[in-house]
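Listed below, chain by chain, are the residues.
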Amino acid sequence: MVTLMETEFCREYIAIFHRWKEEIELPKGSKNLLRLFIGFVNLQFCIENKWINFEINAKQKSFFDSFLESIFSSESVVSSNFFSVLKDDIRTIPDTLVEELFSANGLFSKYRFCSDESTLHESHVTPSVLSTLFEKLVEQRQALGTFYTPKTVVQFMAKHSFEKLFNLNSSEDQLLSTKVIDPACGSGALLLGCAEELENRVKSTASNLSTLDLRIHIVQNCLYGVDIDQDALDIAYNRLWFWMNLGQENPFRITEHKLRKGNSVTGSNPQHNSVSIGFEYRDEFPDVFLDNSSGFDIVIANPPYVRQELIDKKIKNHVLKHRIFGQNVSGMSDLYVYFLARTGQLLRSGGVSSIVCSNTWMDAQYGRPLQLEFLLHYVEVEILGWQKERQFDSAEINTVFMFMKKGSDGSRDVRFSLLKGALTSSLESVDNCSVRKFSSQSLIERGMKNSEYTGTKWSILLHAPEMFLQLMENQPDKFITIEELCQRTLRNNLRVLPQGYTFGKRVPSEYSMPYVKSFKDIKTLQLEPSNHPSVSHRDLYSVFLKPTFCRPDFVANRFFSSRIAFIEGGDFFVSDSFFLGKLKSQYNSREVILSLNSTLSLWFVELGGRKGLGGGLLSFYGPEFRTHCLLMPSYFRTLTNQFYDQFVEREFGDVFDECGFDIERALLPSSDERYLSIRSQMPNPLPDRKTIDQIVFDALEFNDSQLNEVYWSLCESVLTRLKKADSV
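Rules behind the numbers
- Residues numbered from 1 in each chain as written.
- Predicted model: local features only at pLDDT ≥ 70, side-chain atom pairs only at ≥ 80, totals over all residues.
- Heavy atoms only, no water.
- Helix = DSSP H or I, 4+ residues; strand = E, 2+ residues; numbered from the N terminus.
- Buried < 20%, exposed > 50% of the residue type's maximum accessible area, 1.4 Å probe, protein only.
- Contact = heavy atoms within 4.5 Å.
- Areas by Shrake-Rupley, 256 points an atom, 1.4 Å probe, with all protein chains shown as cover.
- Pairing = 2+ DSSP bridges.
- Arc of directions from axis to C-beta.
- Polar contact = N/O pair within 3.5 Å; in protein donor to acceptor, adjacent residues only side chain to side chain.
- Axes fitted to C-alpha atoms, helices over the stretch in contact; angles between N-to-C directions.
- Core = buried A, V, L, I, M, F, W, Y, C linked by side-chain atoms within 4.5 Å.
- Phe/Tyr/Trp six-rings, centres within 6.5 Å; stacked < 30°, edge-to-face > 60°.
- Salt bridge = Lys/Arg side-chain N within 4 Å of Asp/Glu carboxyl O.

1. A few points about the overall build of the chain
Consideration 1: Counting its secondary structure elements, the chain contains 29 helices and 23 strands.
Consideration 2: Of all 728 residues assigned to the chain, the portion counted as buried reaches 58%.
Consideration 3: At a minimum sequence separation of 6, the contacts of the chain that also span at least 24 residues come to 76%.
Consideration 4: Put simply, the chain shows about 31,700 Å² of open surface, and 48% of that area lies on carbon and sulfur atoms.

Structure (structure tokens):
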């Protein structure tokens, strides 16, 4: 959490940085200017702590000669790498820049600086601002998938990690021997949070250690961190240094630390004696990996989120070539999955894993080996997700907490907790947190297919209403998947076209066919060719003879917002944004279209789709498309062709219009007297939708409350998804 004071300070400071960036030339350009600007903030904290006697004398010839040179040789400053590398470079810094920041009327004089990060100071700027500045100023930092961790998340993760490690009992010696690693430590937020939690626990044992001695011990013996960015490590070092010396008249140096620059995912499994192939934990931290039973007590991390296609190819090929993580990482795995797989190699038996990361592994195919890893080799597994909020204001991803203990000593239950409000209030109130428990064995059995673990969508276990789970368990024979319906499924049908085809306006001819580029261009379930452009080629119709050509019976988009529907297939081509289904001969395409577009089916889409990327969109990729469940199409045999034609030819709306809810009133602030939540409105579906849905509800023997629940749950989920994207 960044305070309002820090937000305003960052806004002003960043503006000054960009203004001076155009005027100052330093070796290595803006990189060194960034280090200088962050170094100036470090310097201001030293001044606030009275560790440096600092006063600008406007009569002096040069600010550097008058005070900066002496400051750079002081004991307080040499601890900071941000200054040591710049000493010879900043003689060219204009005096006016220093005056703009440090003078009696300068920027720093407008704000109160406090080195204590342990509480949220609304009226102070704390060293956490160093992380915020670094994240916002470093070019490509977010492209590397790095997003710094909010204070509330840090405090919760640190506290829960130690609770899980020690339960209620821990001695001073046990606490002081704790070894905590963050393998993607960035600017040290999680390490600092663990330092604060560890200090509080040691003090509760009536320790005789002074605060300074205790903090020195924690920083130098208990905290380990790895990151690929030296500047981020320098900020982590400085934040720990300020924390260690809080309240001291003269600061002490950190004589030794365990922060290392390196790529955490490139080395061998440190639990084994292996040849060196990258960053080797066994070599860097020999005090931790003394024998085959050793390892860290806690692995805590907010690993970088980088999609698999953007991972450095050299790193990906290196990891796969050496099989560093076995089957737990594949070529389709996003980067954070590498860190999840690394966690088990870093922990000792009985050690605790504490991770906040994207939730996509819970549903994606590449996450299935991890599911089995967690179920077989960990106990006391906890997964916490949010119903309405995102936790990172600069990252459009939806996240989950994962806490688990390595080994077999503990509960074999997996606990899924859905937080319905803010983090703190949800954890404190039973009403704001829904919990489900499944035994590890039952989850393994759910995921078995033909004697092999193929996994299940764990996000459904976290988010889906109880009614859905009961439905799938009690009436599975009334449903069928798209995969079972189809002789073939594929993504787009453009790949069979001969080279040289072109797109243009829709002009009917023997050389062209309609082309659908985007779901937003589709207004009705049955396409009107004149509303779409065309794809043309002189040999276009020859492709129909190819065995690779697919004339779809139905089409599904890969991404949904509030409009969710399955489109009738036909003689047209679609872009890469769609999936196609070709039915087996025994199934009637009209009956399938009706079943696919029932409200129950749309609800299943909403529950089964991926929400990991934020932005309000629901991702409906190949695995979701193929495993999507719908009521057996034969139930719709009683509906006439006339009914079907009218249904597919009318314009379809968003789920709120289709189900008969007043979305405008549901979007109002709850304090507005006109506000009316989705659940406080009675569903009023469109007549044809009501007819389709009644067939579904009769087949499943739903009562009125269950019928309404389908409408409410679908529309509440879509609304929550859209609002969640704007929650930070």
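2. Some thoughts on the sheet that holds strand β14 (residues 502-504)
Consideration 1: Read from one edge of the open sheet, four strands run β14-β16-β15-β20, paired in mixed fashion. Taken across any chain shown, the strands that pair with only one partner, and hence form the sheet edges, are β14 and β20 (573-574).

3. As for helix α14 (residues 313-322)
Consideration 1: Listing the buried residues of α14 in full gives Lys316, His318 and Val319. Looking straight down α14, one finds that the buried residues subtend no more than 165° of arc, so they occupy a single side. Facing away from the buried side of α14 by over 90 degrees, the exposed positions are Lys313, Lys314 and Lys321.
Consideration 2: Residues of α14 that are buried make contact with α15 (335-346).
Consideration 3: For α14, the N-terminal cap is Asp312; the gap from its side-chain oxygen to the backbone nitrogen of Lys314 is 2.8 Å.
Consideration 4: Positive backbone phi, approximately 50°, marks Arg323, located one or two places after α14.

4. As for the sheet that holds strand β4 (residues 296-301)
Consideration 1: Pairing is mixed across the open sheet formed by nine strands, whose spatial order is β3-β2-β1-β4-β5-β7-β6-β8-β9. For this open sheet the edge positions go to β3 (259-261) and β9 (433-439), each flanked by a neighbour on one side alone. In this sheet, adjacent strand axes meet at a mean angle of 15° when their direction is disregarded.
Consideration 2: In this structure, strand β6 (residues 378-386) lies alongside strand β7 (residues 399-406), joined through six bridges in antiparallel fashion. In the strand pairing of β7, Gly385 is matched with Val400.
Consideration 3: Across the sheet, helix α10 (residues 189-203) is in contact with β1 (180-182), β2 (223-227), β3 and β4; its angle to β2 comes to roughly 175°.
Consideration 4: Across the sheet, helix α12 (residues 230-244) lies against β2 and β3, angled at about 170° from β3, the strand it touches most.

5. Regarding the nonpolar core
Consideration 1: Phe296, Trp361, Met402, Phe416, Trp458, Phe554 and Leu600 are the most contacted members of the largest nonpolar core, which totals 132 residues.
Consideration 2: Counting 85 residues, the second-largest nonpolar core is a separate cluster that includes Phe102, Leu107, Val180 and Ala195.

6. Things to note about the packing of aromatic side chains
Consideration 1: Taken as a whole and judged by the stated rule, the model has 50 aromatic pairs.
Consideration 2: Between Tyr501 and Phe503, the aromatic rings sit 5.6 Å apart at their centres with planes inclined by 80°, giving edge-to-face as the arrangement.
Consideration 3: Classification of Tyr501 by relative accessible area gives partly exposed; the value is 30%.
Consideration 4: A residue is classified by how much of its surface remains accessible, and Phe503, at 45% relative accessible area, is partly exposed.

7. Some details on unusual backbone geometry
Consideration 1: One non-glycine residue, Lys50, adopts positive backbone phi at about 60°.
Consideration 2: Tracing the backbone through its elements, the reader meets Lys50 in the loop between α2 (30-48) and α3 (63-72).
Consideration 3: The class for Lys50 is exposed, based on a relative accessible area of 70%.
Consideration 4: The backbone phi angle of Glu701 is positive, close to 60°, even though this residue is not glycine.
Consideration 5: Within the secondary structure, Glu701 sits in the loop between α28 (687-699) and α29 (704-724).

8. Points about the pattern of salt bridges
Consideration 1: One pass over the full model with this rule turns up 32 salt bridges.
Consideration 2: Note that Arg436 and Glu466 form a salt bridge whose closest N and O atoms lie 3.0 Å from each other. Residue Arg436 is found in strand β9, and its partner Glu466 is found in helix α20 (residues 466-474); the two are separated by 30 residues along the sequence.
Consideration 3: Judged by relative accessible area, which is 42%, Glu466 ranks as partly exposed.
Consideration 4: The salt bridge involving Glu658 is made with Arg689; its shortest N-O contact spans 2.9 Å. Of this pair, Glu658 sits in helix α26 (residues 655-659) while Arg689 sits in helix α28, and the two are 31 residues apart along the sequence.

9. Considerations on the side chain of Ser354
Consideration 1: Relative to the assigned elements, Ser354 resides in strand β5 (residues 347-358).
Consideration 2: Looking at Ser354, its side chain comes within polar contact range of the side chain of Ser161, at 2.9 Å.
Consideration 3: Discounting residues that sit within four places of it in the chain, Ser354 has contacts with Met157, Ser161, Val299, Ile300, Ala301, Met402 and Phe403.

10. Let's talk about the environment of Thr255
Consideration 1: Note that Thr255 resides in the loop between α12 and β3.
Consideration 2: Along the primary structure Thr255 and Ile216 are separated by 39 residues, whereas in three dimensions their C-alpha atoms are 9.2 Å apart.

Any functional reading would require information beyond the geometric quantities listed.
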